[in-house]
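Chains, contacts and geometry: an overview
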There are 2 protein chains.
Amino acid sequence: MTLRDTTKQTQWVYSFQDADGDQRNLLGGKGAGLADMTAVGLPVPPGFIITTEACRSYYESGKTMPDEMWAQTLEALQELEHTTGRFLGAPSDPLLVSVRSGSPVSMPGMMDTVLNLGLNQNVVDGIARRSGNPRFAFDLYRRFIQMFGNVVLGIGSKHFDTVLQANQEKAGVKLPSDLPPEALQLVINEFKEVVKRETGEDFPDTPKYQLEQAIRAVFESWDTRRATDYRNFNKIPHDLYTAVSVVAMVFGNMDDTSGTGVLFTRDPSTGEKKLYGEYLVNAQGEDVVAGIATPQKIAHLQVQMPEVYKQLDQMAMQLEQHYRDAQDVEFTVEQGTLYLLQTRNAKRSAKSAIKMAVDMYEEGLITKEEALMRVEPDQIYQLLLPRLDESAKRAAKDAGNLVTVGLGASPGGATGKVVFTADEAAEQGKRGVSVILVRPETSPDDVHGLIAAKGVLTARGGATSHAAVVARGLGKPCVAGAETVDVRPDEGVFHCGEITIHAGDELSIDGATGEVFVGGIATVEPAVKDDADLVTLLGWADEIRRLGVWANADYPRDAEMAVAFGAEGIGLCRTEHMFFEPERLALVREMMLAAHATIAIQEGDAAQARYMSSLAELEKLQINDFEGIFRAMAGKPVVIRLLDPPMHEFLPPYEELLAEVIELRIKGTDPTELQEKENLLSAVNEMRETNPMIGMRGCRLGLVYPEIYIMQVRAIMTAATQVASEGFVVRPEIMIPLVSHTNEFQSLRDTLEGTIQEYRAATGSTQTYRIGTMIELPRAALTADQIAKSAEFFSFGTNDLTQNTFGFSRDDVEAKFLKRYEEAGILKENPFQVVDEDGVGQLIRMACALGRGARQDISLGVCGEHGGDPKSIEFFNTLPLDYVSCSPYRVPVARLAAARAELKQNAAKGGE
Amino acid sequence: MTLRDTTKQTQWVYSFQDADGDQRNLLGGKGAGLADMTAVGLPVPPGFIITTEACRSYYESGKTMPDEMWAQTLEALQELEHTTGRFLGAPSDPLLVSVRSGSPVSMPGMMDTVLNLGLNQNVVDGIARRSGNPRFAFDLYRRFIQMFGNVVLGIGSKHFDTVLQANQEKAGVKLPSDLPPEALQLVINEFKEVVKRETGEDFPDTPKYQLEQAIRAVFESWDTRRATDYRNFNKIPHDLYTAVSVVAMVFGNMDDTSGTGVLFTRDPSTGEKKLYGEYLVNAQGEDVVAGIATPQKIAHLQVQMPEVYKQLDQMAMQLEQHYRDAQDVEFTVEQGTLYLLQTRNAKRSAKSAIKMAVDMYEEGLITKEEALMRVEPDQIYQLLLPRLDESAKRAAKDAGNLVTVGLGASPGGATGKVVFTADEAAEQGKRGVSVILVRPETSPDDVHGLIAAKGVLTARGGATSHAAVVARGLGKPCVAGAETVDVRPDEGVFHCGEITIHAGDELSIDGATGEVFVGGIATVEPAVKDDADLVTLLGWADEIRRLGVWANADYPRDAEMAVAFGAEGIGLCRTEHMFFEPERLALVREMMLAAHATIAIQEGDAAQARYMSSLAELEKLQINDFEGIFRAMAGKPVVIRLLDPPMHEFLPPYEELLAEVIELRIKGTDPTELQEKENLLSAVNEMRETNPMIGMRGCRLGLVYPEIYIMQVRAIMTAATQVASEGFVVRPEIMIPLVSHTNEFQSLRDTLEGTIQEYRAATGSTQTYRIGTMIELPRAALTADQIAKSAEFFSFGTNDLTQNTFGFSRDDVEAKFLKRYEEAGILKENPFQVVDEDGVGQLIRMACALGRGARQDISLGVCGEHGGDPKSIEFFNTLPLDYVSCSPYRVPVARLAAARAELKQNAAKGGE
């Protein structure tokens, strides 16, 4: 001991015994795990940890190692030598160490490690003599020079690989460890020449110098491009820094009673409670990583080393008891003796996360609340959707079948034959053919095709388009905005760079990542809609959550699915989706054109008659739709939004018509058809808009063409009365969309209540109802107190609200620059996916307060897509909202997310 | 007197002596005037007023006259009989009365009046006898039956007119008053037959019954369709009701020493201080209204009845002293004796309003503050613009030349030859021809044409379009959205219903009313840009106002005009308007296409080179532009907005290109041109957007194509440095548009400050600058505190802010339903014209508070069109804003409006 006054010094270095495993930020994840395991008496080789604070200090002092830190390191080393009875650099019985990185947040493979440190020719010869195993000794040195050379000295691996390759060929062996001792000595000499050539200096012989250099190298691996990019991508702060563990080496590569492996305490893919993992005999850890030999399943160990297996089994239980979670453990066996080198919470599949959480609660290991926090809500969603098999996808990538990457607009995977029109999709779909619908851009006309297809790919449009929204609602994968794709439906092909794909070719899409593959890829079907563990877990979630979870559903079949998934109501039934059904579109078109004619062209009575007769037809169909939904939702509220989109969405696209007209004009062969098309073109032209998203739609439509809303409300009341007469409780809630001013709402409410009174008077119906509005325009949020005076409920349409608060046309900005914004850090997240708390969230907060202030019992919900996003739900839970509504497939996600949000909020309150 | 306890009763009836002229709401305007004049001793015939409260009570009790009211009326009548010494219905010396309406707010011609009430054959004969003038007596009776029959009994005037016509023809005279007594008696008899025929009853003979019926009729005239519509249109509340004045008749139709007339105490069109008006000898008031004889100028009275004229002159002075304003007086002379029947504040032209206000201050009649309140700000605007001559316009209407009525998008009137292209307009304009540019819709390509034209007419687009905004900026009339107009530039015609108008035909437009006339109409040139009175008045306004007044100006010539009009800075210089100049458009187009190519198609270096070289060209031009503006604004701040509109606005319209390509494809004659056009089409297609207004524009453009903003900022700094070197003080303020998130602003600020630092380092320039942003998206307002941390100024872009707060695409909604909204009372005003206080105003208020909270000295202004709207300015004055900015022509309007706003606000505070 020196005379330094250690009381005043920062402690930079902790031995495993002295370290406190709870100080994860100081020790790094690996260091904390080693300290923990040491504390509970598990067989961890002795060692010490240089803290993350030391690393920070290293950077703050311009990449110099403070004297005191090095002094403490040397002290710790001395203690380590004392404990092991071995000495660094002593040829008789040398201590070798590993020098490993370990930051507070796991960054697998991003940072550096040096094994077998402490070797020089002298020491190697000593080991060879003492162990009587020169191959082992020379192999260690070969490994050390290679790793140190690469990690510390920065010499490209290819230089060492070339040497090894040549020598293996010369010796006729496949693995470096199979080289005879003499050959290994040759390799060592050539490695040293490589080092001399590449660095201009000899390979360092002094073990302490090696150690100092290795520690520096680990520190600096925090700051590599690779590590920085990883942290940016995963939103890990850059000021956490890495700790360094210096551990006495144990040797899995000593002989065939030695080995190294990885163990999961439970099966990470099924969650089953049994040891899972693999190991490699006579090997060191990097051999597993490098994949030069095929490891064996852990179960084999039961036969080969029953004692070790029993010990592992015992230790697994101990670790789980300590961490109260499944662990992923690295171990080494040295001549029959087991050592644990690392432990961390095991990564796991969605399915296993759920099973583990439920099992551990039942085992008494964790509470229900903890069980809920163990499963990420989005994992459930993955579980419910078919997806591309990961390894098949990797193989397809390796085979060069990845065509392009678009926007992942609706998750899940699908594989099928390419079709270019919705009709084709519908036709083939009916015949049971799996098809992928490929379109230049989505159009409402395509909906029936999307329903029939397994998935959809579009060249234009964001996660935006009507069809993408429908896809999410249906739980079908959609890749949108694949801008490099040039779709030519007329020619029955699409091009993507050099590749040309024809109708009928197989295509696979991953709607989560946006990947598009040529050829088929195996899909994995949703494992467990009725998974008992999931049911249990969601039951616990329901006990805890405060927010109701409703579903957005437009058809009876969606409503049924939503109920099956646990929806407590329909928060958004978009009536226009019923209008888009192919067999109705002609009727809707007729209605729209006639409606427009009554006003714009003043065609007068003829148009009026056509308008009224098509409305009457539609009314019958809508009654039928609503009946189905009311039956499915018996007793639960159903919020039905009156017609919302611009009328021209139901008409043929202007440009297609224009092209047809120009062609007919030039050809001049069919004046009658030309006249007809010209009339249609002219009507479409009058109805189309410069900015349709903020044009003539929503309640504006209802105010100019009240007959449409009146028809819809009559259909709602008729269906409700009918279904109620069958013995169901029916709770219709009529929602007026796109209100900006209370007078819009009040005026329509007056009209529609008149309709309802008339209906009741005529039929004697006593069916109740509520009338409310969507809050989806900033002005509605700002004046919510005025609107609440006559609205019985608010439903926040967060898609449009985001659009208007940011002034972002989702159709345009998502493909054109939102990705860039995220990459450049201008926006942390896509605000159409995660609600923007500062802007949009502020408006929702204001509107809730104003609405409740004006009407104490107003019902408040969210029906935008954020209603199914866990992070957004966490925010919504802090507001006085009653429920969130999302697509049926996301209902289980939202149930779990709402429970977790409540738990987090309570924890935060408790912490205050 | 009866024994009724009057203390407990409401007083429904007041004699002129007892009434208090200040109680205008109770007495109505006419009643209050009569009471006032009586009080100051002017010769008013005696009478009494039945109050507006009586009328309210009449309606509230289901159109029955409360007994008490009628009792009070009879008492007042008794008093009147006592005062005049005449008695209603007494043949010897009968009292006749007029029964006149009069609401608190003037509604000229909307409600009813009955003159000469109290006649029956008996009384008439008495008058004939007593006056020795049977013609006079019979004429009175003829008039009474006609008026009572029409107003009270509801008999159409045509029935009476037919009788009169026939009898006049028979007698060979032109005027009813020229009929001999016998003929008049015949007319009377036939009138009575008409009444009997039309109502089934005899014309009532009982004077008190006549009176009761007439009072009812006046009450009920409050509720006619005509009156209700008028109040709706003029935003007059419906619960003001009308009072009824019952006045002893004096007779201007007694003989040639009698007459009736209207007098203005100052010239209502020039403001000159001299009697102005006209009178008719031997006539009653309705003769003047009916226009059956041509009245004489009041000056003639000086010769014909010098005493009366002197009296009038004297009374005018007295009235002005009392009302402290110019009056519009009705008078009657009965056999040389003058009576005043009504007085009210005189309506006046813009010019005279200004002169009167300044004169009256100088005469000591009113204070400066009152003078400012006497001129409506919008009157000044009218004064500065050429307009169609009103009488010429009426004549054109009568001649059936009104073609259609569109949206009045920019006020003023213009007449000129029709041209259908901007180039044609520019060419003819250069040759000094007055032209009206007629387009299907406006396009930025048309700007040079608009500059050259006298006015513009478009079939599509609202008050919206770029060109309409430019028109307002230039002070040129624009009629937009004339939807019945079918423009066919290729054929050189436009159709409107049956009418076809060819290129070269004369057309006239009124940009205030939206009227379009075929043929030329005389225009009245702006009277007085340098009107001394206006200069004086605006000087007073400048002393009082708190808000600064800046101008929106894009060119040096606009800046010069703005300074001449008193602008204290440029609040908005839209650099894209410089880009649209025709000689530059090709260059800008090249730049845009190359910029897009560098990113989208990855053309790489070639595109990059084209991009950079076109930017360099543009930089030279922009330097020149900015120099001109900086010189014009020497010492005053100039806020320059960096490029804002979507790039495809600078490219040829997609549909035109599409049509061309289709044609070329079908013809197949020119493959090279086809290829070129197809390439262009494809680029335009990639760049066009679904909702361009909320798409890739503003700072989003600057973030994706930073080179454009860098070029602009370098041009600003270069120009500023140059102009400063000439001895001017230059204050450039760089404005980043369409910011939604502080990171957008911060990122661009960093980039642009880098540019400025480089420029300074390279040139040694020490030119200062400020960098700020527009607040035009709701999110920017909601997070203004975050943005203010790095922004030195905010300028509220209220056009876009309104658009996004309401979710109203101005291009679409203004033509399609905003008018309906106003008509239906859903919106009181067009929110693009008058700022919406509850929604948009609330955001501005929040943003001001947040901005100032984060940066005490932040500069806050408004640069949307509301900056020139008086009502909006009144609201802005209540916020902590520093200035408003508007088009140069509205600067004087805003100066006055800001002063009035401050006065009103102070008055409101004083009144607290």
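Each remark here, short or long, concerns the structure printed above.
Residues numbered from 1 in each chain as written. Chains lettered and ligands numbered in written order. Predicted model: local features only at pLDDT ≥ 70, side-chain atom pairs only at ≥ 80, totals over all residues. Heavy atoms only, no water.

1. Concerning the overall build of chain A
Cut-off, in case you're wondering: Secondary structure follows DSSP: runs of H or I at least 4 residues long count as helices, runs of E at least 2 residues long count as strands, and numbering of each begins at the N terminus. Working definition: with a 1.4 Å probe on protein chains only, accessible area under 20% of the residue-type maximum means buried, over 50% means exposed, and in between means partly exposed. Here, two residues are considered to be in contact whenever any of their heavy atoms come within 4.5 Å of each other. Here the Shrake-Rupley method, with its probe set to 1.4 Å, supplies the accessible areas, and only the displayed protein chains count as covering residues. Neither His nor the chain ends is counted toward charge; the positive residues are Lys and Arg and the negative residues Asp and Glu. Here the site of a charge means atom NZ of a Lys, CZ of an Arg, CG of an Asp or CD of a Glu.
In terms of regular secondary structure, chain A is built from 36 helices and 33 strands. Projected onto its principal axes, the C-alpha positions of chain A cover 110 × 65 × 55 Å. Looking at chain A as a whole, 57% of its 912 residues are labelled buried. Taking the intrachain contacts of chain A between residues at least 6 apart in sequence as the baseline, contacts between residues at least 24 apart amount to 69%. Accessible area of chain A: about 35400 Å², with a carbon and sulfur share of 49%. Looking at chain A, you have 90 positive and 129 negative side-chain charges, and the mean spots of the two groups are 2 Å apart.

2. Details of the packing of aromatic side chains
Geometrically, a pair of aromatic rings is defined through the distance of the ring centres and the angle of the planes. To keep things clear, this is the line we draw: Paired rings are identified among Phe, Tyr and Trp, the last through its six-membered ring, by centres lying within 6.5 Å, and are further divided according to the angle between planes into stacked (under 30 degrees), edge-to-face (over 60) and tilted (the rest). Distance and angle both matter: a charge sits over a ring if NZ of Lys or CZ of Arg is within 6 Å of the ring centre and within 35 degrees of the ring normal.
With the rule as written, the count across this model stands at 44 aromatic pairs over all chains. Centroid distance B:Phe817 to B:Tyr821: 4.7 Å. Interplanar angle 50°. Geometry classified as tilted. Of this pair, B:Phe817 and B:Tyr821 both sit in helix 33 (residues 810-823), four residues apart, which is roughly one turn of the helix. Take B:Phe817: its relative accessible area is 1%, and that puts it in the buried class. Through a chain of ring-to-ring contacts, three or more aromatic side chains come together here, namely A:Tyr58, A:Tyr59, A:Phe219, A:Trp222 and A:Tyr241. Sitting over the ring of A:Tyr381, A:Arg890 keeps its end group 4.2 Å from the ring centre.

3. What to know about the nonpolar core
Nonpolar side chains tend toward joint burial in soluble globular proteins. For clarity, the cut-off: Put simply, buried Ala, Val, Leu, Ile, Met, Phe, Trp, Tyr and Cys residues joined by side-chain atoms within 4.5 Å make one nonpolar core.
Membership of the largest hydrophobic core comes to 295 residues, with the highest contact counts inside it found for A:Leu537, A:Phe630, A:Phe794, B:Leu537, B:Phe630, B:Phe794 and B:Phe796. With eleven residues, helix 28 (residues 706-725) of chain A is the single largest residue contributor to this core. Apart from residues lying up to four places away in sequence, B:Phe796 is in contact with B:Ile775, B:Ile844, B:Ala847, B:Cys848, B:Leu860, B:Gly861, B:Val862, B:Cys863, B:Gly864 and B:Leu881.

4. Quick word on the relation of the copies chain B and chain A
Stated formally: Superposing the copies works by least squares over the C-alpha atoms of residues that have pLDDT at least 70 in both of them.
Take chain B, turn it by 179°, move it 0.2 Å along the axis, and it overlays chain A with an RMSD of 0.4 Å. Taken together, the rotation and translation describe the operation of a two-fold axis. Nearest to the rotation axis, the C-alpha of B:Asn691 is located 1.9 Å from it, this being the minimum over chain B. The share of interface residues of chain B whose copies in chain A are also at the interface is 100%, consistent with both copies meeting through the same surface.

5. A word on the sheet that holds strand 20 (residues 485-488) of chain B
Picture the strands of a sheet paired through backbone hydrogen bonds; they go either parallel or antiparallel. All names here are of chain B. Which entries qualify depends on this criterion: Strands qualify as paired when DSSP identifies two bridges or more between them. Fitted lines through C-alpha atoms serve as axes, helices being fitted only where they are in contact, and the angles separating the N-to-C directions of these axes extend from 0 to 180 degrees.
Here three strands make up an open sheet; going across it, the order is 20-21-22 and the pairing antiparallel. Edge positions in the open sheet fall to strand 20 and strand 22 (499-502), since each of these has one partner strand only. Neighbour-to-neighbour, the strand axes of the sheet open up by a mean angle of 20°, direction not taken into account. With four bridges connecting them, strand 20 and strand 21 (residues 493-496) associate as antiparallel partners. Its bridge partner lying in strand 21, Asp486 is registered against His495.

6. Looking at the pairing of strand 23 (residues 506-510) of chain B
Residues and elements named next belong to chain B. With respect to burial, strand 23 is a largely interior element, four of its five residues being buried. Here strand 16 (residues 413-419) runs beside strand 23; their pairing, made up of five bridges, is antiparallel. Its bridge partner being in strand 23, Gly416 is matched across the sheet by Leu507. With four bridges joining them, strand 23 and strand 24 (residues 515-518) adopt antiparallel strand pairing. The residue bridging Leu507 from the neighbouring strand is Val518, located in strand 24. In textbook terms, the turn of a hairpin is the stretch between consecutive antiparallel strands, and for strand 23 and strand 24 this stretch comprises four residues, one of which, Gly514, has a positive phi near 85°.

7. Examining the pairing of strand 11 (residues 327-334) of chain B
Residues and elements named next belong to chain B. Most of strand 11 is tucked away: seven of the eight residues are buried. Direction of pairing for strand 8 (residues 259-264) relative to strand 11: antiparallel, over a ladder of six bridges. Its bridge partner being in strand 11, Leu263 is matched across the sheet by Val329. Relative to strand 12 (residues 337-345), strand 11 runs antiparallel, the two sharing eight bridges. Counterpart to Phe331 in the pairing with strand 12 is Leu340. Between strand 11 and strand 12, which follow one another and run antiparallel, lie two residues, and Gln335 among them has a positive phi close to 45°.

8. Things to note about the interface of chain B and chain A
Here is the rule we go by: Buried area is calculated as the accessible area (1.4 Å probe) missing from two parts once they are joined, with the contributions of both summed. Salt bridge, as used here, is a side-chain nitrogen of Lys or Arg placed within 4 Å of a carboxyl oxygen of Asp or Glu. Nitrogen and oxygen atoms within 3.5 Å of one another constitute a polar contact, given that in protein one can donate a hydrogen and the other can accept it, and given that sequence-neighbouring residues count only through two side-chain atoms.
With 59 residues of chain B at the contact, the number on the chain A side is 59 residues. Counting each side, the surface lost to burial between chain B and chain A is near 5000 Å², with a carbon and sulfur contribution of 57%. Seen at the junction of chain B and chain A, the total is four salt bridges. Residue A:Glu655 is joined to B:Arg688 by a salt bridge in which the shortest nitrogen-to-oxygen separation is 2.9 Å. For the pair chain B and chain A, the interface holds 28 residue pairs in polar contact (both at pLDDT 80 or more). Where the side of chain B that touches chain A is concerned, the elements lending two or more residues are helix 25 (654-667), helix 26 (671-687), helix 27 (699-704), helix 29 (742-763), helix 30 (778-782), helix 32 (798-806), helix 33 and helix 34 (837-854) of chain B.

9. Section: the sheet that holds strand 20 (residues 485-488) of chain A
Residue and element names in this part refer to chain A. Spatially, three strands are ordered 20-21-22 in an open sheet, and the strand pairing comes out antiparallel. Pairing within the sheet leaves two strands with one partner each, and these edge strands are strand 20 and strand 22 (499-502). When strand polarity is set aside, the average angle formed by the axes of neighbouring strands in this sheet is 20°. In the sheet, strand 21 (residues 493-496) pairs with strand 22 via four bridges, with the strands oriented antiparallel. In the strand pairing of strand 22, Phe494 is matched with Ile501.

10. Concerning the pattern of salt bridges
Residue and element names in this part refer to chain A. On inspection of all chains with the given rule, the structure shows 110 salt bridges over all chains. Between Asp139 and Arg135 there is a salt bridge whose closest N-O contact spans 4.0 Å. Of this pair, Asp139 and Arg135 both sit in helix 5 (residues 134-151), four residues apart, which is roughly one turn of that helix. The residue Asp202 makes a salt bridge to Lys196 at a minimum N-O spacing of 3.6 Å. Under the relative-accessibility criterion, Asp202 is labelled exposed at 59%. One network of salt bridges, in which partners are shared, links Glu390, Lys393, Lys397, Asp510 and Glu515.

11. Some remarks on the side chain of A:Thr783
Mapped onto the elements, A:Thr783 comes out in the loop between helix 30 (778-782) and helix 31 (784-788). A polar contact is formed between the side chain of A:Thr783 and the backbone oxygen of A:Arg779, at a distance of 2.7 Å.

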